[in-house]
Amino acid sequence: MATTTKTTPPALPVPFTTSTTPLTLITQGAEAHLYRTTFLTPTTPAALKIRPPKPWRHPVLDRRLTRQRVLAEARVLAKCAREGVAVPGVLGLSWEEGWVAMEWVEGRSVKEAVRGRDVGDEEGLRGLMRRVGGAVGRLHAVGVVHGDLTTSNMMLRPVGDGGEKGEAGGLEGEIVLIDFGLAGQTVQEEDRAVDLYVLERAFGSTHPREEGMFGEVLEGYMEAFKGSKGTLRRLEDVRMRGRKKSMIG
Amino acid sequence: MPIAIGLEGSANKLGVGVILHPTSTPPSPHDSAHSDEDSPQSRKKAYSPPAQILSNLRHTFVSPPGTGFLPKDTAAHHRRWVVRLVKQAMKQAKVKLEDVDCICYTKGPGMGAPLNAVAVAARTLSQLWNKPLVGVNHCVGHIEMGRAITGAENPVVLYVSGGNTQVIAYSAQRYRIFGEALDIAVGNCLDRFARVLNISNDPAPGYNIEQMAKKGKHLIELPYTVKGMDVSFSGILASVEELARKLEKSKSSDAPWLDAESGEPITREDLCFTLQENVFAMLVEITERAMAHVGANQVLIVGGVGCNERLQDMMGLMASERGGSVYATDERFCIDNGIMIAQAGLLAWRMGFKTTLEESTTTQRFRTDEPLINWRD
């Protein structure tokens, strides 16, 4: 995601400027910078997402958008946590300064897990794909779409003391969805179908060799989400036309 | 040396241009007369020397303030002017008829009647002069002309005009659309807003909005509708039209509409300023997202709205933050023109592409990712 050129990181918001724990830049997208830090106590690891001001935007507009987006992301995360969907919890935020601090999710991304897996472990992969579908299904069941589903936006969190297994390259663990910057609350089948379609396309391009496994994702999705039938039917339409409509004029 | 004539008339501009591609043989190791100054850049230039614009003429159908251009009237305008423009363009280009290799015309997308009027002219020339036809995708024309003029090699392209709003990046011989307007185009939003305020359509409504916006300073809240890499403008248009009516009403009443913070009256200029700030911020945002996605740091702005200097400045700020730069052209190439059709058509012709008379139709729908861009790696 980040460009090759190094841009200066934005000034850190207040509670973190005095932190003794060094901040590590994890990634820099178009919208936000993500740091690893600690929150309140030095032993509570946290992910800090900062939305730096955009100098080309009118300052009034910039503040309005930052506020809306910080709040929208935090609200979606809070809703998911309340409804029992595995997401990082919100620890703190400031819409004035444009940051959200979230629980740090241990483990690797699903992308890394799939790439680094033991190729012989067909069953493990199958199970992982089902759990991925299950996570998306539970998300959709509570009326939330993610907006940017990819295997890099899913973490594989080691469960209980089986943590070592996760480290060792196994495919066990709980799926935790992250990066809700484009998420929204919706009741529309179309939005859910597009969400799945985006995942399908991203999965195909990131893991071409495992593309045939996407059916397992949909299986897991159906188990976890009662309203899946309509969404999957709609997915057929979306597949036919692509995410984009045909152009007029 | 390949020469093409291009005819464009997908909207209210009729354009005719003549282009020449200087051919060059790749320099052989023995041919080292200028090897001292053979920097990597000049060598690249030697492989593909810049296209030469021999003539580039345009005539615009301008409708009265408060109205837009209708397909029927626009087609009549194109029919009335096309012969004069072709004659003049050929005269100015000083090329002999036998040196022209192909006749390029806009196949689409655009308004049906104007497209057809120009396609008929192109077919006629093709029969009369016995030259092959090349049907060109209008959007690809904009992109190729922008690349040729600015020298941007592999930029993310923001194509913004009265009919189109797209964020495009090149990949595997197609111009892929990463984001686009889900309803009306940004230029259409500006044009229709100009009609509500009775802003002149001469030379272009967007130009007049830009000049007025320079005097505006109060930002009024408008919807901001970005969905991932897509945008939507119809709700913004409805809102800003409502604001314009509110302004007119407050003028005729005793209670003027004042800015909440400064207490100064809201003006027409403020509305233009507000609209521009809002929609351009949206465009820069989706462009930045596409750049982050593909890992590019060059951005090229094409299309009529691309002339807007405020949009260029905002884009420049964004690009420089990402360690890159913005490429834009002036009104000769930003606004619809014949030369861009000639440019894209000639590139295709040199790869062996031709449009037979039977196939020389037009289409109102023609997506940017349909044509095969086989002249690029």
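Above this text sits the structure in question.
The rules behind these values
- Residues numbered from 1 in each chain as written.
- Chains lettered and ligands numbered in written order.
- Predicted model: local features only at pLDDT ≥ 70, side-chain atom pairs only at ≥ 80, totals over all residues.
- Heavy atoms only, no water.
- Pairing = 2+ DSSP bridges.
- Helix = DSSP H or I, 4+ residues; strand = E, 2+ residues; numbered from the N terminus.
- Axes fitted to C-alpha atoms, helices over the stretch in contact; angles between N-to-C directions.
- Contact = heavy atoms within 4.5 Å.
- Salt bridge = Lys/Arg side-chain N within 4 Å of Asp/Glu carboxyl O.
- Buried < 20%, exposed > 50% of the residue type's maximum accessible area, 1.4 Å probe, protein only.
- Left-handed = near helix turned anticlockwise from the far one by under 90°.
- Core = buried A, V, L, I, M, F, W, Y, C linked by side-chain atoms within 4.5 Å.
- Buried area = accessible area lost by both parts, 1.4 Å probe.
- 1 Å grid on protein atoms, 1.4 Å probe; cavity = no way out; pocket = protein on both sides within 12 Å on 5 of 7 lines; lining within 4 Å.
- Points joined across faces, edges and corners; volume = space filled by probe spheres on them.
- Nonpolar A, V, L, I, M, F, W, Y, C, P; charged D, E, K, R; others polar.
- Expected span 1.5 Å × (residues − 1).
- Phe/Tyr/Trp six-rings, centres within 6.5 Å; stacked < 30°, edge-to-face > 60°.
- Lys NZ or Arg CZ within 6 Å of the ring centre and 35° of its normal.

**Student:** Explain the sheet that holds strand β1 (residues 3–8) of chain B here, please?
**Tutor:** Consider a sheet: its strands pair through backbone hydrogen bonds, and that pairing is either parallel or antiparallel. All names here are of chain B. Ordered by their spatial adjacency, five strands build an open sheet running β3-β2-β1-β4-β5, and the pairing between neighbours is mixed. The strands lining the two open edges of the sheet, one partner per strand, are β3 (52–60) and β5 (133–137). Along the sheet, successive strands turn relative to each other by an average axial angle of 20°, direction set aside. Strand direction decides the pairing type here: strand β4 (residues 102–108) and β5, joined by five bridges, are parallel. Bridged to Thr106 within β5 is Val136. Each of β1, β2 (13–20) and β3 is contacted by helix α2 (residues 71–93), which is oriented at about 155° to β3, the strand it contacts most. The sheet contacts of helix α11 (residues 338–350) involve β1, β2, β3, β4 and β5, and relative to β1 the element is tilted by about 130°.

**Student:** Got a minute to help me understand the pattern of salt bridges in this structure?
**Tutor:** Between side chains of opposite charge, a pair can form when the charged atoms approach closely. For the coordinates displayed, the defined rule picks out 31 salt bridges over all chains. With a shortest N-O distance of 3.3 Å, Arg289 of chain B and Glu31 of chain A are connected by a salt bridge. In this pair, Arg289 of chain B sits in helix α8 (residues 268–294) while Glu31 of chain A sits in the loop between β1 (24–28) and β2 (33–38), so the two residues belong to two different chains. Taking relative accessible area as the criterion, Arg289 of chain B reaches 12% and is therefore assigned buried. Note that Asp179 of chain A and Lys49 of chain A form a salt bridge whose closest N and O atoms lie 3.0 Å from each other. Here Asp179 of chain A is found in the loop between β9 (174–177) and β10 (184–185), whereas its partner Lys49 of chain A is found in strand β3 (residues 45–50), with 130 residues between them in sequence. Connected via shared salt-bridge partners are Glu31, Lys49, Arg51, Arg57, Asp62, Arg69, Glu73 and Asp179 of chain A together with Glu285 and Arg289 of chain B.

**Student:** What is the right way to look at the packing of α2 of chain B against helix α3 (residues 112–129) of chain B in this model?
**Tutor:** For any two helices packed against each other, the geometry is given by the interaxial angle and the distance between the axes. All names here are of chain B. With their axes 8 Å apart at the nearest point, α2 and α3 run at an angle of 30° to one another. The interaxial crossing formed by α2 with α3 has right-handed handedness. Together, Pro71, Thr74, Ala75, His78, Arg79, Val82, Val86 and Met90 of α2 and Ala113, Pro114, Ala117, Val118, Ala121, Leu125 and Trp129 of α3 make up the contact between the two elements.

**Student:** Even after reading the chapter, I still don't get the nonpolar core, so can you show me in this structure?
**Tutor:** The nonpolar side chains of soluble globular proteins are, as a tendency, buried together. Of all hydrophobic cores here, the largest spans 59 residues; its most connected members are Phe193, Phe233, Leu271 and Leu275 of chain B. Among the elements that make up this core, the one with the highest residue count is α8 of chain B (13 residues). Every residue in contact with Leu275 of chain B, bar those within four places of it in the chain, is listed here: Cys189, Leu190, Phe193, Leu222, Ile236 and Val240 of chain B. Judged by nonpolar contacts, the second largest core, of 43 residues, contains Val142, Leu171, Phe180 and Tyr221 of chain A.

**Student:** Can you help me understand the interface of chain B and chain A in this one?
**Tutor:** Interface size is commonly expressed as the accessible surface area that is lost when the partners come together. Residue-level contacts link 43 residues of chain B with 25 residues of chain A. Between chain B and chain A the total buried area reaches about 2,900 Å² when both faces are included, carbon and sulfur atoms providing 54% of it. At the surface where chain B touches chain A, the tally comes to five salt bridges. For the salt bridge of Glu285 of chain B with Arg69 of chain A, the shortest nitrogen-to-oxygen distance reads 3.0 Å.

**Student:** Would you take a moment to explain the environment of Lys227 of chain B for this structure?
**Tutor:** With respect to the helices, strands and loops of the structure, Lys227 of chain B is situated in strand β9 (residues 226–227). The spatial distance from the C-alpha of Lys227 of chain B to the C-alpha of Ser250 of chain B is 34 Å, given a sequence separation of 23 residues.

**Student:** Whenever I open this one, empty space enclosed by the protein confuses me. Can you help?
**Tutor:** Residues and elements named next belong to chain A. Going through the model one piece at a time under the given rule, you end up with two cavities of 30 Å³ or more. Its volume calculated, the largest cavity comes out at about 70 Å³. In terms of lining, the largest cavity is formed by Glu31, Arg51, Pro52, Pro53, Lys54, Arg57, Asp62, Leu65, Thr66 and Arg69. For the lining of the largest cavity, a count of residues per class yields three nonpolar, one polar and six charged.

**Student:** How should I be thinking about helix α2 (residues 59–82) of chain A in this particular structure?
**Tutor:** An α-helical segment advances 3.6 residues per turn. Residues three or four places apart therefore align on the same side. Its 24 residues give α2 of chain A an end-to-end C-alpha distance of 34 Å, which sits within 8% of 34 Å, the value for a rise of 1.5 Å per residue. Trailing α2 of chain A by a residue or two, Gly84 of chain A shows a phi angle of about 85°, which is positive.

**Student:** Sorry, what's going on with unusual backbone geometry here?
**Tutor:** With glycine set apart, most residues show a phi of negative sign, and most peptide bonds adopt trans. Residues and elements named next belong to chain B. That bond from Gly108 to Pro109 is cis: its omega, -5°, falls within 30 degrees of zero. With respect to the helices and strands, the residue Pro109 is situated in the loop between β4 and α3. With an omega dihedral of -5°, the bond running from Asp202 to Pro203 counts as a cis peptide bond. Looking at the secondary structure, you find Pro203 in the loop between α5 (186–196) and α6 (205–213). Unlike most non-glycine residues, Lys94 shows phi in positive territory, near 55°. Position of Lys94 relative to the elements: it lies in the loop between α2 and β4. Looking at Lys94, the relative accessible area reads 74%, which means it is exposed. Positive phi values are uncommon outside glycine, yet Asn130 reaches one of about 60°.

**Student:** Looking at this model, I keep getting lost on the pairing of strand β8 (residues 154–157) of chain A. Mind explaining?
**Tutor:** Residues and elements named next belong to chain A. With two bridges joining them, strand β6 (residues 108–109) and β8 adopt antiparallel strand pairing. From the neighbouring strand, Arg108 faces β8, where its bridge partner is Leu156. Bridge count for β8 against β9 is four bridges, and the pairing is antiparallel. What sits directly across from Met155, in β9, is Val176.

**Student:** In this structure, what is going on with the packing of aromatic side chains? I would like to understand it.
**Tutor:** Residues and elements named next belong to chain B. Within the structure shown, the criterion is met by three aromatic pairs over all chains. In this structure, Arg84 packs its charged tip against the face of Trp81, placed 4.2 Å from the ring centre. Positioned over the ring face of Tyr170 is Arg376, at 4.0 Å from the centre of the ring.

Function cannot be inferred from these measures alone, as they are strictly geometric.
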